[in-house]
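Results of the structural survey
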Amino acid sequence: MTAEVEETWISCSANRFWAPAVPGTDGTQYGQAGLPADGSFGTPPGYGCAADRAEEQRRHQDGLPYIDDSPSSSPHLSSKGRGSRDALVSGALESTKASELDLEKGLEMRKWVLSGILASEETYLSHLEALLLPMKPLKAAATTSQPVLTSQQIETIFFKVPELYEIHKEFYDGLFPRVQQWSHQQRVGDLFQKLASQLGVYRAFVDNYGVAMEMAEKCCQANAQFAEISENLRARSNKDAKDPTTKNSLETLLYKPVDRVTRSTLVLHDLLKHTPASHPDHPLLQDALRISQNFLSSINEEITPRRQSMTVKKGEHRQLLKDSFMVELVEGARKLRHVFLFTDLLLCTKLKKQSGGKTQQYDCKWYIPLTDLSFQMVDESEAVPNIPLVPDEELDALKIKISQIKSDIQREKRANKGSKATERLKKKLSEQESLLLLMSPSMAFRVHSRNGKSYTFLISSDYERAEWRENIREQQKKCFKSFSLTSVELQMLTNSCVKLQTVHSIPLTINKEDDESPGLYGFLNVIVHSATGFKQSSNLYCTLEVDSFGYFVNKAKTRVYRDTAEPNWNEEFEIELEGSQTLRILCYEKCYNKTKIPKEDGESTDRLMGKGQVQLDPQALQDRDWQRTVIAMNGIEVKLSIKFNSREFSLKRMPSRKQTGVFGVKIAVVTKRERSKVPYIVRQCVEEIERRGMEEVGIYRVSGVATDIQALKAAFDVNNKDVSVMMSEMDVNAIAGTLKLYFRELPEPLFTDEFYPNFAEGIALSDPVAKESCMLNLLLSLPEANLLTFLFLLDHLKRVAEKEAVNKMSLHNLATVFGPTLLRPSEKESKLPANPSQPITMTDSWSLEVMSQVQVLLYFLQLEAIPAPDSKRQSILFSTEV
């Protein structure tokens, strides 16, 4: 069963249920609420979570009276033999009758509200009686030589319970006969007004509540007899129940008054809604509502945490297992949600906007009992709903904004200009971070309810999707009954999320306090050695993910090790880190016969066998030595070795010792030696990638095997004639990695030290005409070998992007990969920290520098054509003999 909740809460009265018949004094059968059981009062309606929809259902299904707040339609005049005057008179009469009918319906609903209140009062009185029942023997024992509790302990634990019982007994005894002798003119407002005037007793109870609970817990620990009593208090049940009494704990029953006082305004709202303004009760009920609202607001801060701990953690045996910010796809639009997994249900909420210093609050969007929840299976023939993807350019622009705001916050703190400016910037930062989280994920995670409703979340990683599924499925083994929450129960559960939440802020790695680790920037070398613990032979491979800007990105994939239970990959990968704190590894079984395997969420049919992660500790990794580790996952163990090089160390230019090589040698020297316009290594790598790598998912982004890259590097350096044969036998990602490594190890970047500052300034120009003129002039000013190599590479990257639908590499993705490699500041102009072991944070100007480098390359990638400086260069560029 799924319950959906409207955007606006509408008050619903609580505990409206069937009242079992009991004999009255005159022999008539009466329900628990004191109403005739012969149907003369009709059937009390049940209230759902959304009051509007519930009333609509009652109107259509049960034919019960209700108040129609919409404008009445004009009465249809069918008399043909009368003049217009008679028609108007007739219309006026019919309109009057319609108004009277609406009033009659409203008064009828008033009766049902009161019947629900009586039934609720009777239940509440039975709970108070259950508390009072052990008080007499406990007090009697307190005067003996072997007391269970002292008189002071009894007074503290049961403080004001007798007074509350007397107040509500008097209220019930006054209301019962008036409802029994019902008429539309019956007055009850004075009873509610008096009840509201006695809320001071609740004030005293609430003030003592924490002390009472603490005392009760201590007494239970110290006295086994009292512990037994406190767990077996009996309250009267409904007559229809098999057991005439129900067992309750002392803790649960002591919470009932706290719960009761929160319902007072809901009940009065309902009653006032169905009481005409002309009725004598109307002003009295308004006064009672005002008193109740004022009282409730005065103690709300105290009630909220107590309500959470009782109804969620212990009183209802419902505990929070997991919560997270997630993106829900609603009619094609992305909505930021906070999702809570409890022991018996999945709850999706929306964080309300805070204003005027109010505490954080949530709105419930929907919930599904775990017994009713399943994961939607998508058949091959079914169309999977399209997920709207956000252009990479927009995500990159957001990252630039976030980095700039972060830098501004640090500058304000250093300048000590006061907290107001800093707080404004932090608020702005939070907004941008929320927007980035909203726009980033694109992997579907669908949950399905037994009633046919489906909900779609977008997640950035298969790791999170698998984790949510595992947690839900594990808990479903312990759930056996479906259920439905009343509006009050749901509202209380939603309120409790404020206290119970474990994720308090948008989970971005840069959203940290100053004393927290900002993450690592640089390159992580990972060797995936082997895995053990598989129960049977299969085709196995691993993927590696790291976090960046708060979400995880797939960075590398091993080859498939076929028909084995003990794969030995021994593959090395170089992964670029951007503020990363966690490395994740996911192990899959490759499924080649895909037609027989059902899909969930339209995902890959490969089966996830296990997952694990390791925290990237900057202190432990800064010595740049290999560190071996074993990651355990579901009985499987994967052996890894990791080594970290900070960005400034990895980008430090290291000229080749062998001037006959190509890596680390100036590009002009290589082209002159080869008598070519574009280095042989560039042409060979591009040719092989265009031959068989254009449709490779993540080409240039996914890391190649490091040992293969080093083998190719060595072959090119010694001018091995068999290099083309080697390339044809290697994974295409290794070839892409070799090309990136060549550009990264140039002693001077392709865009040169001299022109780098000018490119950075040119891309920042706001006038598009001036920007184009500046950027093109700068480009054509590069040395000939640099320019022609860049144009050759640019043409290739554009062709790669034409296959974006298959390889998932847009122009922006390619610019992100190659920008920081082709453009770098000279060492004397670099803003890098002097201490190489110090991790670079996103608050440094380096992050904005990297963004600028990406934007420069993206600008040229997006230009339709770049004019050559003269006819000679143009002929060279388009010649096949480069």
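Check the entry above for the structure.
Below or above, wherever it landed, is the structure these notes cover.

**Description of the overall build of the chain**
A tally of helices and strands in the chain yields 28 helices and 23 strands. Within the span of the chain, comprising 882 residues, buried residues form 50% of the whole. Considering only intrachain contacts with a sequence separation of at least 6, the fraction spanning at least 24 residues in the chain is 73%. Only carbon and sulfur atoms are counted for the fraction: they give 50% of the accessible area of the chain, which is about 42300 Å².

**Observations concerning the pattern of salt bridges**
Opposite charge on two side chains permits pairing when their charged atoms draw close. Taken as a whole and assessed by the stated rule, the structure comprises 27 salt bridges. The closest approach of N and O atoms between D207 and R203, which form a salt bridge, is 2.8 Å. Of this pair, D207 and R203 both sit in helix 7 (residues 200-222), separated by 4 residues, roughly a single helical turn. By relative accessible area, which is 24% here, R203 ends up partly exposed. A salt bridge links K713 to E745, with the shortest nitrogen-to-oxygen separation between them at 3.1 Å. One end of the pair, K713, is in helix 19 (residues 706-717); the other, E745, is in the loop between helix 21 (732-744) and helix 22 (756-763), with 32 residues separating them in the sequence. K713 sits in the buried class, given a relative accessible area of 19%. Put simply, E688, R691 and R692 are held in one network by salt bridges that share partners.

**So, the sheet that holds strand 22 (residues 627-633)**
Pairing between the strands of a sheet is mediated by backbone hydrogen bonds and can be parallel or antiparallel. With antiparallel pairing, the 4 strands of this open sheet are ordered in space as 18-14-23-22. Of all the strands in the sheet, just strand 18 (568-580) and strand 22 have a single pairing partner and so form its edges. Looking at each pair of strands side by side, their axes are set apart by 30° on average, direction ignored.

**Points about the side chain of S440**
In this fold, S440 is placed in the loop between helix 12 (419-439) and strand 12 (443-449). Looking at S440, its side chain comes within polar contact range of the main-chain oxygen of L436, at 2.5 Å. When residues no more than four places from it in sequence are discounted, the contact partners of S440 are R334, L395 and Y551.

**Looking at unusual backbone geometry**
In this structure, K160 takes a positive phi of about 70° despite not being glycine. Note that K160 resides in the loop between helix 4 (151-157) and helix 5 (161-180). Phi angles above zero are rare outside glycine, and R675 is one such case at about 55°. Within the secondary structure layout, R675 lies in the loop between helix 17 (667-674) and helix 18 (680-692). Given a relative accessible area of 80%, R675 falls into the exposed group.

**Focus: the side chain of D606**
Relative to the helices and strands, D606 resides in the loop between strand 20 (599-600) and strand 21 (607-615). Taking the relative accessible area as the measure of exposure, D606 reaches 7% and is therefore buried. Polar side-chain contacts of D606 include one of 2.8 Å to the side chain of Y541. Once residues lying within four places of it in the same chain are set aside, the contact partners of D606 are Y541, Y588, E589, K590 and C591.

**Comments concerning the environment of V528**
You can see V528 is positioned in strand 14 (residues 520-532). Accessibility expressed as a relative area gives 0% for V528, which makes it buried. The spacing of V528 and W569 is 41 residues in sequence and 6.3 Å in space, taken between C-alpha atoms.

**Focus: the nonpolar core**
Among the nonpolar cores identified, the biggest contains 68 residues, and Y700, F743, F751, F759, F790, L822 and F860 are the most heavily contacted of them. Per-element tally for this core: the top contributor is helix 24 (residues 784-802), with 11 residues. If we skip the residues at most four places from it in the chain, L822 touches F743, P749, L750, F751, F790, L793 and L857. The next biggest cluster of nonpolar side chains, apart from the first, holds 59 residues, and it includes L131, I154, L253 and Y255.

About the criteria used
- Residues numbered from 1 in each chain as written.
- Predicted model: local features only at pLDDT ≥ 70, side-chain atom pairs only at ≥ 80, totals over all residues.
- Heavy atoms only, no water.
- Helix = DSSP H or I, 4+ residues; strand = E, 2+ residues; numbered from the N terminus.
- Buried < 20%, exposed > 50% of the residue type's maximum accessible area, 1.4 Å probe, protein only.
- Contact = heavy atoms within 4.5 Å.
- Areas by Shrake-Rupley, 256 points an atom, 1.4 Å probe, with all protein chains shown as cover.
- Salt bridge = Lys/Arg side-chain N within 4 Å of Asp/Glu carboxyl O.
- Pairing = 2+ DSSP bridges.
- Axes fitted to C-alpha atoms, helices over the stretch in contact; angles between N-to-C directions.
- Polar contact = N/O pair within 3.5 Å; in protein donor to acceptor, adjacent residues only side chain to side chain.
- Core = buried A, V, L, I, M, F, W, Y, C linked by side-chain atoms within 4.5 Å.

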